[in-house]
Amino acid sequence: MSAVRRLAAGEAPALAGIVHGLPEYFTDDVPGKVERDAASHEAWVITDDGTIAGFAIAARKSPGGAEILWIAVDAPRRGQGHGTRLLSTVMDEIGRAHV
């Protein structure tokens, strides 16, 4: 079963691992950028049977605006709706904050 939640302390390396597994979408410098952005912006993960299956990172640009900086789903779990569920949850949470 999958669940969306906020990124917990110490989990950023798992995000970098997802990026490493998607070389057709991300360049070699992105894993480090993802880890840095996860530490300084709002970040969520979707888990699948307790394993991080994807992530999203959003930056507040103004009191009423935000930007999705990164979103990705682990290669073996793509096409199962994880990205759709993750993005929907992130948009709902940001919307509740009137962004």
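If you're wondering where the values come from, they're calculated on a predicted model, not measured in any experiment. (Residues numbered from 1 in each chain as written. Predicted model: local features only at pLDDT ≥ 70, side-chain atom pairs only at ≥ 80, totals over all residues. Heavy atoms only, no water.)

**Focus on the pairing of strand E3 (residues 51–62)**
Defined as follows: Two strands form a pair only when DSSP identifies at least two bridges running between them. Only DSSP runs of H or I with at least four residues qualify as helices, and only runs of E with at least two residues qualify as strands; both kinds are numbered from the N terminus onward.
Sheet analysis places strand E2 (residues 42–48) next to E3, joined by seven bridges and oriented antiparallel. Across the sheet, residue Val 45 finds its bridge partner in E3, namely Phe 55. Taken together, E2 and the strand that follows it, E3, pair antiparallel across an intervening segment of two residues, in which Asp 49 is found at a positive phi of about 55°. By the bridge criterion, eight bridges tie E3 to strand E4 (residues 65–73) in an arrangement that is antiparallel.

**Considering the side chain of Asp 48**
Stated formally: The buried label applies to any residue whose accessible area, calculated with a 1.4 Å probe on protein chains only, is under 20% of its type's maximum; exposed applies above 50%, and partly exposed to all values in between. For this analysis, a polar contact is any N or O atom pair within 3.5 Å, provided that within protein one partner can donate a hydrogen and the other can accept it, and provided that sequence-adjacent residues contribute only side-chain to side-chain pairs. Whether two residues are in contact is decided by their heavy atoms: any pair within 4.5 Å suffices.
Assignment of secondary structure puts Asp 48 in strand E2. Among the residues examined, Asp 48 registers a relative accessible area of 16% and is labelled buried. Here Arg 77 takes part through its side chain, which lies 3.1 Å from a polar atom of the side chain of Asp 48. Those residues in contact with Asp 48, other than ones at most four positions away along the chain, are Met 1, Ser 2, Ala 53, Arg 77, Gln 80 and His 82.

**Regarding a nonpolar patch on the surface**
Note the cut-off: Without a salt bridge and with relative accessible area above 30%, a residue can belong to a patch; like charges are then joined within 9 Å and nonpolar side chains (Val, Leu, Ile, Met, Phe, Trp, Tyr) within 5 Å. Accessible surface area values rest on a Shrake-Rupley calculation with a 1.4 Å probe, where residue burial reflects the displayed protein chains alone. Think of a salt bridge as a Lys or Arg side-chain nitrogen and an Asp or Glu carboxyl oxygen that are within 4 Å of each other.
Where nonpolar side chains cluster on the molecular surface, the patch consists of Ile 68, Ile 71, Leu 87 and Met 91 and spans about 310 Å² of accessible area. Only E4 and helix H3 (82–96) provide two or more residues apiece to the nonpolar patch. The topology assignment puts Ile 68 in strand E4. Residue class for Ile 68 comes out partly exposed when judged on its relative accessible area of 31%.

**Quick look at the sheet that holds strand E1 (residues 2–6)**
Strand pairing in a sheet takes place through backbone hydrogen bonds and is either antiparallel or parallel in direction. To be explicit about the condition: As a rule, the C-alpha atoms of each element are fitted with a line to give its axis, helices using only the stretch in contact, and angles between N-to-C directions run from 0 to 180 degrees.
Strand order in the open sheet formed by four strands is E1-E2-E3-E4, and the pairing between neighbours is antiparallel. The strands lining the two open edges of the sheet, one partner per strand, are E1 and E4. Within this sheet the neighbouring strands show an average axis-to-axis angle of 20°, counted without direction. Against the sheet, helix H1 (residues 12–20) touches E2, E3 and E4, its axis set at about 105° to E3. Across the sheet, H3 lies against E1, E2, E3 and E4, angled at about 145° from E2, the strand it touches most.

**Looking at H3**
How we decide: Here, expected helix span is obtained from the residue count minus one, scaled by 1.5 Å. The arc refers to the directions leading from the helix axis to the C-beta atoms.
The terminal C-alpha atoms of H3, which comprises 15 residues, lie 21 Å apart, in line with the 21 Å expected from a rise of 1.5 Å per residue. Residues His 82, Leu 86, Val 90 and Ile 94 constitute the buried set of H3. Buried residues of H3 fall within an arc of 90° about the axis and therefore sit on the same side. Seen from the buried face of H3, the exposed residues on the opposite side, beyond 90 degrees, are Thr 84 and Arg 96.

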